[in-house]
Amino acid sequence: AGEGLGGLSNRLQSWVDSKRNPDSEIIAGIHFVARPPNLFEGDADEFATAIAALKPDLVIIDTLARSSVGADENSARDMGKVVSGCDVLIQRLNCCVLLIHHAGRAGWERGSTALRGASDVMLEVKKHDDGTSELVLNGQSAKIKEGAESESIFFRLAPVGESCIVEPADAAKT
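Let me sum up the structure you'll find in this document. Residue numbers restart at each chain and count upward from 1, following the sequence in its written direction. Predicted model: local features are reported for residues with pLDDT of at least 70 only, side-chain atom pairs are reported and counted for 80 or more only, and whole-chain, interface and lining totals are derived from all residues. The side-chain quantities take in all heavy atoms of the structure and omit both hydrogens and water.

**Comments concerning the pattern of salt bridges**
Here is step 1: Whenever a carboxyl oxygen of Asp or Glu lies within 4 Å of a side-chain nitrogen of Lys or Arg, that contact is scored as a salt bridge. Within this structure, the stated rule accounts for six salt bridges.
Here is step 2: In this structure, Asp120 engages Lys145 in a salt bridge whose closest nitrogen and oxygen atoms are separated by 3.4 Å. On the criterion of sequence distance, the pair formed by Asp120 in the loop between helix 5 (114–118) and strand 3 (121–122) and Lys145 in the loop between strand 6 (143–144) and strand 7 (153–160) is long-range, its members being 25 residues apart.
Here is step 3: The partly exposed category is assigned to Asp120, whose relative accessible area is 48%. Numbering of helices and strands runs from the N terminus, with a helix taken as a DSSP run of H or I at least four residues long and a strand as a DSSP run of E at least two residues long. In this scheme, a residue with accessible area under 20% of its type's maximum is buried, one over 50% is exposed, and one in between is partly exposed, where area comes from a 1.4 Å probe on protein chains only.

In structure tokens form, the structure reads like this:
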């Protein structure tokens, strides 16, 4: 958790509170690391060693900026090092890596196209005026390297306790 660490316990508690009978196995399988690895500086191998005993299926790196301090996100060479760090995690841990990256002002991902080129899947989250959000699984900003395009998934953030949870929603009203 490179961003939002201060609110992490509230978000997790909101998720637990939203479940009638939270699955303790799922909760026990979720682990957070307060300091993300610097994938640009070569921390991936050390990070993989540190978390290997957890046998993760998914490692979420939040965010690209926090895990690539010192890198120029517009440089294909620098982003290539970050991608290489993700590859180390994938190979060493036999897991999927989800790298969170924010869009620029124009709505497109920032930085080098090396990130898009190396990605198997890219998703976009769009916020609509009616309060719903959309997980875009196809279109110009999304990418699915191997697989069929799919319909967007709509959701909304619902307040629970001191934070919120993600709930399904009907398609945005345009």
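**Focus: the pairing of strand 4 (residues 124–127)**
Here is step 1: At least two bridges found by DSSP between two strands are what make those strands a pair. With four bridges connecting them, strand 4 and strand 5 (residues 133–136) associate as antiparallel partners. By the bridge assignment, Lys127 is partnered in strand 5 with Ser133.
Here is step 2: In this structure, the hairpin formed by strand 4 and strand 5 is closed by a connection of five residues, where Gly131 is found at a positive phi of approximately 95 degrees.

**A few points about the environment of Glu73**
Here is step 1: Within the element layout of this structure, Glu73 appears in the loop between strand 1 (58–62) and helix 4 (76–93).
Here is step 2: Separated by 37 residues in sequence, Glu73 and Arg110 place their C-alpha atoms 7.4 Å apart.
Here is step 3: With near-sequence residues (within four places) excluded, Glu73 lies in contact with Met79, His101, Arg110, Gly111 and Ser112.
Here is step 4: Two N or O atoms form a polar contact when they lie within 3.5 Å of each other; inside protein one atom must be a possible hydrogen donor and the other a possible acceptor, and for residues adjacent in sequence the pair counts only when both atoms belong to side chains. A polar contact is formed between the side chain of Glu73 and the side chain of Arg110, at a distance of 2.9 Å. Whether two residues are in contact is decided by their heavy atoms, any of which lying within 4.5 Å being enough.

**Some thoughts on the sheet that holds strand 4**
Strand pairs in the sheet, formed through backbone hydrogen bonds, run parallel or antiparallel to each other.
Here is step 1: Spatially, the four strands line up as an open sheet ordered 4-5-7-8, and their pairing is antiparallel. Looking at the sheet topology across the chains shown, the edges are occupied by strand 4 and strand 8 (163–168). Neighbour-to-neighbour, the strand axes of the sheet open up by a mean angle of 30 degrees, direction not taken into account.
Here is step 2: Here strand 7 pairs with strand 8 via six bridges, running antiparallel. Paired with Ala158 across the strands is Ile165, a residue of strand 8. Every angle, taken between N-to-C directions, lies between 0 and 180 degrees, and every axis is a line fitted to C-alpha atoms, over only the stretch in contact when it is a helix.

**Overview of the pairing of strand 7**
Here is step 1: Here strand 5 runs beside strand 7; their pairing, made up of three bridges, is antiparallel. Paired with Ser133 across the bridge in strand 7 is Phe155.
Here is step 2: Adjacent in sequence and paired antiparallel, strand 7 and strand 8 are bridged by two residues, among which Gly161 carries a positive phi angle near 60 degrees.

**Points about the environment of Glu167**
Here is step 1: By the secondary structure assignment, Glu167 is in strand 8.
Here is step 2: Not counting residues up to four positions away in its chain, the partners in contact with Glu167 are Phe154, Phe155, Arg156 and Ala158.

**Here's the deal with the nonpolar core**
General note: in soluble globular proteins, nonpolar side chains tend to be found buried as a group.
Here is step 1: Among the nonpolar cores identified, the biggest contains 18 residues, and Leu39, Val59, Ile61, Val82, Leu89, Leu93 and Val97 are the most heavily contacted of them.
Here is step 2: Counting only elements with at least two residues in this core, the list comes to helix 3 (44–51), strand 1 and helix 4.
Here is step 3: Among the elements that line this core, the one with the most residues is helix 4, at six residues.
Here is step 4: In contact with Leu89, other than residues within four places in its own chain, are Leu39, Ala44, Phe47, Ala48, Val59, Ile61, Asn94, Cys95 and Val97. Among buried residues, the Ala, Val, Leu, Ile, Met, Phe, Trp, Tyr and Cys ones that are joined through side-chain atoms within 4.5 Å form a nonpolar core.

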